[in-house]
Protein chains: 2
Amino acid sequence: MDESSFDAALSELQQDRVHGASELARRSLELLGRSAQEATAGTVAELRRTLELRCKRLAACRPSMAPVQNLLDEWQQALARRGEDRLAEFRSAAAEEARQWVERSRMALRQVGQNGADYIGADKTIITHSLSSTVVDVFERLKERNVRAVVSESRPLNEGRILARQLSQWRIPTQLITDAQLGLFVAQADFALVGADSLLPDGSLINKAGSCLLALAAREQAVPFLVCCESFKRRRQVMDPAALEEMESEELDAPRMPGVRVRNIYFDITPAKLISGWIDEKGVHRAAAVRC
Amino acid sequence: MDESSFDAALSELQQDRVHGASELARRSLELLGRSAQEATAGTVAELRRTLELRCKRLAACRPSMAPVQNLLDEWQQALARRGEDRLAEFRSAAAEEARQWVERSRMALRQVGQNGADYIGADKTIITHSLSSTVVDVFERLKERNVRAVVSESRPLNEGRILARQLSQWRIPTQLITDAQLGLFVAQADFALVGADSLLPDGSLINKAGSCLLALAAREQAVPFLVCCESFKRRRQVMDPAALEEMESEELDAPRMPGVRVRNIYFDITPAKLISGWIDEKGVHRAAAVRC
């Protein structure tokens, strides 16, 4: 994988508005695996420098997404632990490590889905916002267990419709609503359930803008608000709200008007106090107490 | 105004998604004024019966909108107080009463705008949801006083863009956001300000879906949430949430999917406890205490 094809792949990751943070983390690892095998290098040291630089660029391209940073760190630490290799050996070992971390990430996702489905159980209505691969996994496991769904469209790109289509294929009875109706429909649900782009050290949630509104409405209606995500989505540092990614204003498809700035911040922060429980691959971690 | 042209006008009112409840109430009165002058009738009693029937049909066509009911009641009561008239006299008097109630409604709106602008004052940022004629009036009065705006698009029909265009013409610096970003942007505002489709007897607000989410986010960020509307928007009875108007699902422009029901409830209810103050033509009524 030469510099220009890496650049093209990086740009694609940066533009990706459809896939969640874990999927993009796995795609980043796959790019690094291919880089390890194919990047031009005369020595192991040279290849290590190239890979390190590519890791940095990958992590920087989606700053709101902790799993990208976390999985790349795991991979780099594994490589750092290796002794002296010959170049060919190092290439294979680095690619194999990348493959293994992709696989660990997929296994964690499935275990989160299992834990979520076990916790929620049969005959329930789930309201969700945006499109999360862990939430999709929970629905798949509950599809024969009389689950029902309320799904918001999730402006500006309406990825809620992608989720609705999947639920339709699984014959899960679904109501599709505007984001503005989240407050109206949360009362119909047994659980509000969302994925995460990342978690802050205190358990606060960074997820698609609107998640915080769903959490507020859920608290108001005494509906438990659950977050399901793999543990490597946890950030090690507190995040500055100013660092939340903003995307192209054109996505809102609003007419241009002098003096009107169209804003398109993709993520909001849901404070930990609004979260009733966190579901990861190890189990369900319930809030000590639900505070108002 | 014969039966078929009345039917056509009624259908137009029923389909109207752009104008607020007060404007539709005034249009209803204008229809009745024209009916009083033009409807076929041989006697005053016959004309009264026709007008009474048309009042009922107008009130029933927009059940979420209290001002339609309230203004038509005022007009009917004024007519009921009249003694025996000759037909021609009754026609003119009924039309004149309708004209006067339209004018009273417009004056009340302007007074609400004045009271709102006085209360909010100069150098403030206001966040709002949907399109309200009283909120527009407040902005007009503050346009030379360094007011700034955050406006949500207000799906499904994006009437927030109409407001943004008006603010742009007044050179008011404006940020236009998706409804899902209300939670992110409320912290930038000094006040959240919305109009009302109606108020319940306890002060709870019926307004465009999403208003309740803005109120919840405003409380979370300690931003005062104000409602500005004329006093005749107050309902005399508690309203069943099930009676909130639902519009055509096609407005969401979502693809058809088996088992997926697209929902389009236009209004939500914001409990009175989330409201910091009510601004009407008589002044500002502040909440006794802001409860959590």
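Residue positions are given per chain, counted from 1 along the sequence in the order it is written. The lettering of chains begins at A and the numbering of ligands begins at 1, in the order of writing. In keeping with the predicted nature of the model, local features appear solely for residues at pLDDT of at least 70, side-chain atom pairs appear and are counted solely at 80 or more, and the whole-chain, interface and lining totals rest on all residues. Side-chain measures were taken over the full set of non-hydrogen atoms in the model, leaving aside hydrogen atoms and water.

Draft legend 1. Expanded view of the overall build of chain A. Secondary structure counts use DSSP, requiring at least four H or I residues in a row for a helix and at least two E residues in a row for a strand, with both numbered from the N terminus. Within chain A, the secondary structure is distributed over nine helices and 11 strands. Each radius of gyration reported is based on C-alpha atoms, and the globular scaling rule is 2.2 Å times the count of residues to the power 0.38. In terms of overall size, chain A behaves like a compact globule, its C-alpha atoms giving a radius of gyration of 20 Å where 292 residues would be expected to give roughly 19 Å. For the C-alpha atoms alone, the extent of chain A along its principal axes is close to 60 × 50 × 40 Å. Each residue is assigned to one of three classes by its accessible area relative to the maximum for its type, calculated with a 1.4 Å probe on protein chains only: buried under 20%, partly exposed between the two thresholds, exposed over 50%. The proportion of buried residues among the 292 residues of chain A is 59%. In this description, contact between two residues means that some pair of their heavy atoms is separated by no more than 4.5 Å. Long-range pairs, those at least 24 residues apart, make up 73% of the contacts in chain A with a sequence separation of at least 6. Taken as two groups, the 40 positive and 41 negative side-chain charges of chain A have centres that lie 2 Å from each other. None of His or the chain ends enter the tally, which takes Lys and Arg as positive and Asp and Glu as negative. For this purpose, a charge sits on NZ of Lys, CZ of Arg, CG of Asp or CD of Glu.

Draft legend 2. Representation of the relation of the copies chain B and chain A in the model. C-alpha atoms of residues with pLDDT of at least 70 in both copies form the basis for the least-squares superposition of the copies. Overlaying chain B on chain A yields an RMSD of 0.0 Å, the required transformation being a rotation through 180° with an accompanying axial translation of 0.0 Å. What the superposition gives is, in effect, a two-fold axis relating one chain to the other. Most of the interface of chain B is mirrored in chain A, where 98% of its interface residues again form contacts.

Draft legend 3. Molecular detail of the state of the cysteines. Residues and elements named next belong to chain A. Note on terminology: disulfide denotes any pair of cysteine sulfur atoms within 2.5 Å. Following the criterion strictly, the structure yields zero disulfides over all chains and no others. Looking at the unpaired C55, the closest cysteine sulfur is the one in C61, lying at 12 Å. Using a relative accessible area of 3% as the deciding quantity, one classes C55 as buried. With no disulfide of its own, C228 lies 7.3 Å from the sulfur of C229, the closest cysteine sulfur.

Draft legend 4. Structural view of the side chain of T178 of chain B. Within the fold, T178 of chain B resides in the loop between β3 (174-177) and α8 (182-185). In contact with T178 of chain B, not counting residues within four places along its chain, are R155, P156 and L252 of chain A together with S152 and E153 of chain B.

Draft legend 5. Up close: the sheet that holds strand β6 (residues 205-208) of chain A. Residues and elements named next belong to chain A. Spatially, β5-β6-β9 is the arrangement adopted by the three strands of the open sheet, whose pairing is antiparallel. Only two strands of the sheet have a single partner each, and these edge strands are β5 (198-199) and β9 (267-270). Two strands form a pair only when DSSP identifies at least two bridges running between them. As defined by bridge partners, β6 adjoins β9 across four bridges and the pair is classed as antiparallel. By the bridge assignment for β9, N207 is matched with D268. Structural elements are reduced to axes, namely lines fitted to C-alpha atoms, with helices fitted over the stretch in contact, and the angle between N-to-C directions of any two is expressed from 0 to 180 degrees. Contacts from helix α9 (residues 211-220) reach β6 and β9 within the one sheet, and its direction differs from that of β9 by about 30°.

Draft legend 6. Focus on the interface of chain B and chain A. Listed as interface residues are 48 residues of chain B and, on the opposing side, 47 residues of chain A. As used here, buried area is the combined drop in accessible area, with a 1.4 Å probe, of two parts when they are placed together. Summing both partners gives a buried area of about 3,900 Å² for chain B against chain A, and 60% of it is carried by carbon and sulfur. Looking only at chain B, the three residues that lose the most surface to chain A are A180, L213 and E220 of chain B, adding up to 16% of its buried area. Each reported salt bridge corresponds to a side-chain nitrogen of Lys or Arg within 4 Å of a carboxyl oxygen of Asp or Glu. Here chain B and chain A share six salt bridges between them. The partner of E220 of chain A in a salt bridge is K273 of chain B, and the shortest N-O contact between them spans 2.8 Å. Two N or O atoms form a polar contact when they lie within 3.5 Å of each other; inside protein one atom must be a possible hydrogen donor and the other a possible acceptor, and for residues adjacent in sequence the pair counts only when both atoms belong to side chains. Our count for the contact surface shared by chain B and chain A stands at 28 residue pairs in polar contact (both at pLDDT 80 or more). Within the residue set of the side of chain B that touches chain A, elements represented by two or more residues are α7 (160-169), β3, α8, α9 (211-220), β8 (260-262) and β9 (267-270) of chain B. Ranked by residue count, the leading element in the side of chain B that touches chain A is α9 of chain B, at five residues. A breakdown of the residues in the side of chain B that touches chain A according to their chemical character gives 26 nonpolar, 10 polar and 12 charged. In this sheet, β3 of chain B lies alongside strand β8 (residues 260-262) of chain A in parallel orientation, the contact comprising three bridges. All amino acids are sorted into three groups, where Ala, Val, Leu, Ile, Met, Phe, Trp, Tyr, Cys and Pro are nonpolar, Asp, Glu, Lys and Arg are charged, and the leftover types, Gly among them, are polar.

Draft legend 7. Structural context of the packing of helix α3 (residues 44-61) of chain B against helix α4 (residues 66-80) of chain B. Residue and element names in this part refer to chain B. Where α3 meets α4, the axes come as close as 9 Å, and the angle between the chain directions of the two elements is 165°. It follows from the interaxial angle that α3 and α4 lie roughly antiparallel. The handedness of the crossing between α3 and α4 is left-handed. Taken together, the residues of α4 that come into contact with α3 (itself represented by R48, L51, E52, C55, L58 and A59) are V68, Q69, L72, W75, Q76, L79 and A80. Class assignment for the residues of the contact of α3 with α4 results in nine nonpolar, two polar and two charged. Any angle from 65 to 115 degrees is called roughly perpendicular, while one under 35 is roughly parallel, one over 145 is roughly antiparallel, and all others are oblique. Two helices that cross are described as forming a left-handed crossing if the nearer one is turned anticlockwise from the farther one by less than a right angle, and a right-handed crossing if clockwise.

Draft legend 8. A look at the sheet that holds strand β5 (residues 198-199) of chain B. Residue and element names in this part refer to chain B. Read across the open sheet, the three strands follow the order β5-β6-β9; overall the sheet is antiparallel. The strands lining the two open edges of the sheet, one partner per strand, are β5 and β9. Note that β5 and strand β6 (residues 205-208) share two bridges and pair antiparallel. Bridging across to β6, S198 finds its partner in I206. Set on the sheet, α9 makes contact with β6 and β9; between it and β9 the angle comes to about 30°.

Draft legend 9. View of the environment of L31 of chain B. Residue and element names in this part refer to chain B. Relative to the elements of secondary structure, L31 occurs in helix α2 (residues 21-38). Residue L31 is classed as buried on the basis of its relative accessible area of 8%. When the C-alpha positions of L31 and I162 are compared, they lie 26 Å apart, and in sequence the two are 131 residues distant. Beyond its immediate chain neighbours, meaning those up to four positions away, L31 contacts M1, A9, L13 and L58.

Draft legend 10. Fine view of unusual backbone geometry. In the segment running from R155 of chain A into P156 of chain A, the intervening peptide bond is cis, with an omega of 5°. Following the sequence through the fold, P156 of chain A ends up in the loop between β2 (148-152) and α7 (160-169). One non-glycine residue, R171 of chain B, adopts positive backbone phi at about 60°. Looking at the secondary structure, you find R171 of chain B in the loop between α7 and β3. The class for R171 of chain B is exposed, based on a relative accessible area of 75%.

Draft legend 11. Local environment of the confidence of the model for chain A. Per-residue confidence from the predictor is reported as pLDDT, which spans 0 to 100. Across chain A, pLDDT averages 93, with 97% of residues at or above 70. Both confidence scores are given for the complex: pTM 0.90, ipTM 0.89.

Draft legend 12. Region of the structure containing the nonpolar core. Take the buried Ala, Val, Leu, Ile, Met, Phe, Trp, Tyr and Cys residues and link them wherever side-chain atoms come within 4.5 Å; each set so joined is a nonpolar core. Of all hydrophobic cores here, the largest spans 136 residues; its most connected members are W75, F225 and V227 of chain A together with W75, F225 and V227 of chain B. Beyond its immediate sequence surroundings of up to four residues, F225 of chain A is in contact with A192, V194, L205, S211, L214, A215, A218, T270, L274, I275, S276 and G277 of chain A.

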